[in-house]
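Analysis of the macromolecular model
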Amino acid sequence: MIFVTVKGTKVPALGFGTWQLVGAQCESAVEYALELGYRHIDTAQVYENEREVGEGLRASGVRRDELFVTTKIWTTHFTPHELERSAKESLVKLRMPHVDLLLLHWPNPHVPLAETLGALAHAKQLGLARHIGVSNFTVALIEDATKLCPEPLVCDQVEYHPYLDQAKVREACERNDMALVAYSPVAKGRIKNDETLKEIGRAHGKTPAQICLRWLVQQNVCAIPRTSRIERLSENIDIFDFVLSEEEMGQIFALGSAKSRLTDFGFAPKWD
Ligand code: 1BO
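Values in this document were obtained by computation on a predicted structure and should not be read as measured data.

The rules behind these values
Residues numbered from 1 in each chain as written. Predicted model: local features only at pLDDT ≥ 70, side-chain atom pairs only at ≥ 80, totals over all residues. Heavy atoms only, no water. Axes fitted to C-alpha atoms, helices over the stretch in contact; angles between N-to-C directions. Helix = DSSP H or I, 4+ residues; strand = E, 2+ residues; numbered from the N terminus. Left-handed = near helix turned anticlockwise from the far one by under 90°. Contact = heavy atoms within 4.5 Å. Buried < 20%, exposed > 50% of the residue type's maximum accessible area, 1.4 Å probe, protein only. Right-handed = clockwise from strand over helix to strand, strands pointing away. Pairing = 2+ DSSP bridges. Near = heavy atom within 4 Å. Polar contact = N/O pair within 3.5 Å; in protein donor to acceptor, adjacent residues only side chain to side chain. Areas by Shrake-Rupley, 256 points an atom, 1.4 Å probe, with all protein chains shown as cover.

Relative orientation of the contacting elements helix α1 (residues 23–36) and helix α9 (residues 230–237) amounts to 35 degrees, with a least axis distance of 10 Å. In the crossing of α1 with α9, the sense of the turn from one axis to the other is right-handed. Judged by residue contacts, Ala29, Tyr32, Ala33 and Leu36 of α1 engage Ile230, Leu233, Ser234 and Ile237 from α9.

So this is what it looks like as structure tokens:
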């Protein structure tokens, strides 16, 4: 495993995303992921699986201090009192005294950002989270948030894969010493038949998904692929025994455009 170091904290570069995994399937996938060596697990209130994620973590027997666990506050809980209440509710579901990272899941223009960030920082000061950050924030929102937040923000979690050019957000994260965490890192499976990725994969004996994940971690980005298929869990973590050349990295960057976003909602901000 390699790590992304942000503000002095080491975050496992490859994590397991649990979006759309629920019930017993979620619990056993988390347990198996830990058995395979994953140590970074990502959940959210809105995924409705925090309880099962917690069960899977405990069933694995892996010590809590070896794990990096993230959850996210949904946008309807952004007023200060509500944020603290719902963060505590997440911890009850996960059955842990704190998470490693607590994120605002999406920006919410209906609650003043300074107020929400003050509440998020307060949650950290109360010990509910070791670190705090944001998700789905644009460059302008990152710049505002870093100025307004009383505590350091350690990451922006956004959609990122070879088809979506995120250079601007990546640069904003670098400028502000924040990690970029990539969700949907294999473009929801769309990379499977990509000729460029297949060709690079042949040279390394790897699959397009492995090439894609390696491309992300080589940029110092954390990737949190989600899968419900057990065999994919081991495929996705098998990316630490090869290195992409600069030329190969460039060939993959060339696949990106600003238009290939797969996750968008009416409430999303105006993307960069
Ligand atoms: C609505 C969930 C998007 C990815 O976390």
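Don't stop here, the text continues.
Here strand β8 (residues 153–159) lies mainly inside the structure; 7 of its 7 residues are buried. For the handedness criterion, the β-α-β arrangement of strand β7 (residues 129–135), helix α5 (residues 139–148) and β8 is classed as right-handed. With 5 bridges joining them, β8 and strand β9 (residues 179–183) adopt parallel strand pairing. If you follow Cys155 over to β9, its bridge partner there is Ala179.

Another point: the pairing of strand β5 (residues 68–73). Consecutive side chains along a regular strand alternate between the two faces of the sheet. Across the 6 residues of β5, 6 count as buried, placing the element largely inside the fold. Burial of β5 is two-sided: the residues Phe68, Thr70 and Lys72 facing one way and the residues Val69, Thr71 and Ile73 facing the other way are all buried. Examined bridge by bridge, strand β4 (residues 40–42) and β5 share 3 bridges and lie parallel to one another. Its bridge partner lying in β5, His40 is registered against Phe68. Handedness of the crossover joining β4 and β5 through helix α2 (residues 50–60): right-handed. Direction of pairing for β5 relative to strand β6 (residues 99–104): parallel, over a ladder of 4 bridges. Within β6, the position partnered with Thr71 by the bridge is Leu102.

This brings us to the site of the ligand. Taken together, the residues surrounding the ligand are Trp19, Tyr47, His105, Trp106 and Phe265. In this structure, Tyr47 approaches the ligand through a side-chain N or O atom, which is 2.5 Å from an oxygen atom. His105 is positioned such that a nitrogen or oxygen atom in its side chain is 2.8 Å from an oxygen atom of the ligand. Within the complex, 94% of the 220 Å² of free accessible area of the ligand lies under protein.

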